[in-house]
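# Coordinate inspection notes
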Amino acid sequence: QQEQAEQRVLFLEALAVGLSLDDEPLLEVGLDDRAKTVRATAADLLARLPASAFAQRMAARLQPLITIERGWFKSRKLELELPAACDAAMQRDGVEAKPRGKRGERAWWLLQLVGAAPLDFWTYTLDASPAECVRLSAGLEWRGLLWEGWSLAVDRQAAAPAAPTELGQAAD
């Protein structure tokens with residue numbers, strides 16, 4: 001804490017090489033740093049660890065937003081709601097309340113949650129292969145947003161040990 005924010009960011013960025021769950025406690029402390037750049041760096045690195053408590057918190061926030069409707073002949077339809085609010089706990093985990101660009105707030109929050117959640121959350125929650133997840137999402141109003149979030153998650157988790165990157169390949 002006695003170092004400048006720029007130095008704290010560089011220190012955390014150094015953890016990207018060989019990043020592992022052993023780094024999680026230090027990165028969790030970074031989420032509470034006084035500097036926004038340090039908090040953002042810590043959140044980005046934690047999102048690269050699909051087994052981290054951080055990634056699991058993001059998945060837990062997504063869970064109530066997802067509904068699977070059963071139709072005729074075993075057909076299924078995915079429904080996805082936008083988050084209703086960006087509370088203090090979400091902001092502590094690096095979810096920016098104010099959107100960048102021309103997105104609405106709620107769409108912006110959803111994008112950040114999807115981009116930080118483990119990819120295998122989707123295959124588990126939807127009980128589907130990565131390709132089936134993409135097919136289920138094809139009719140969604142928020143399909144583009146979901147796919148953009150999946151792409152971000154693939155980029156983040158690609159270097160993680162045993163990272164499930166099939167979902168990103170299925171979306172291509």
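Our structure is the block above this text.
Each value, and the rule that gives it
Residues numbered from 1 in each chain as written. Predicted model: local features only at pLDDT ≥ 70, side-chain atom pairs only at ≥ 80, totals over all residues. Heavy atoms only, no water. 1 Å grid on protein atoms, 1.4 Å probe; cavity = no way out; pocket = protein on both sides within 12 Å on 5 of 7 lines; lining within 4 Å. Points joined across faces, edges and corners; volume = space filled by probe spheres on them. Helix = DSSP H or I, 4+ residues; strand = E, 2+ residues; numbered from the N terminus. Nonpolar A, V, L, I, M, F, W, Y, C, P; charged D, E, K, R; others polar. Phe/Tyr/Trp six-rings, centres within 6.5 Å; stacked < 30°, edge-to-face > 60°. Buried < 20%, exposed > 50% of the residue type's maximum accessible area, 1.4 Å probe, protein only. Axes fitted to C-alpha atoms, helices over the stretch in contact; angles between N-to-C directions. Parallel < 35°, antiparallel > 145°, perpendicular 65-115°, else oblique. Contact = heavy atoms within 4.5 Å. Salt bridge = Lys/Arg side-chain N within 4 Å of Asp/Glu carboxyl O.

### As for the layout of surface pockets
- Size it by volume and the largest pocket reaches roughly 550 Å³.
- Around the largest pocket, the lining comprises 27 residues; the ones closest to its centre are A40, G94, E96, R100 and Q112.
- Elements with a contribution of two residues or more to the lining of the largest pocket: α3 (36-47), α4 (53-62), α6 (105-116) and α9 (143-157).
- When residues in the lining of the largest pocket are grouped by element, the largest group, seven residues, is from α3.
- Grouping the amino acids of the lining of the largest pocket by side-chain chemistry returns 12 nonpolar, four polar and 11 charged.

### Observations regarding the packing of aromatic side chains
- What the rule picks out here adds up to two aromatic pairs.
- Centre to centre, the rings of W122 and W150 are 5.5 Å apart; their planes meet at 80 degrees, and the pair counts as edge-to-face. With W122 in helix α7 (residues 119-126) and W150 in helix α9, this residue pair connects regions lying 28 residues apart in the sequence.
- The class of W122 is buried, set by a relative accessible area of 1%.

### Describing the packing of helix α1 (residues 5-14) against α3
- The contact between α1 and α3 brings their axes to 9 Å, and the two run at 10 degrees. If you check the angle between α1 and α3, you find them roughly parallel. Taken together, the residues of α3 that come into contact with α1 (itself represented by A5, R8, V9, L12 and E13) are T37, V38, T41, A42 and L45.

### Here we look at the pattern of salt bridges
- Tallied over the full model, the rule gives 13 salt bridges.
- We note a salt bridge from R61 to D93, for which the minimum N-O separation is 2.9 Å. Of this pair, R61 sits in helix α4 while D93 sits in the loop between α5 (88-92) and α6, and the two are 32 residues apart along the sequence.
- Looking at D93, the relative accessible area reads 2%, which means it is buried.
- In this structure, E148 and R103 form a salt bridge, with 2.3 Å as the shortest nitrogen-oxygen distance. You can see E148 sitting in helix α9 and its partner R103 sitting in the loop between α5 and α6, a full 45 residues away along the chain.

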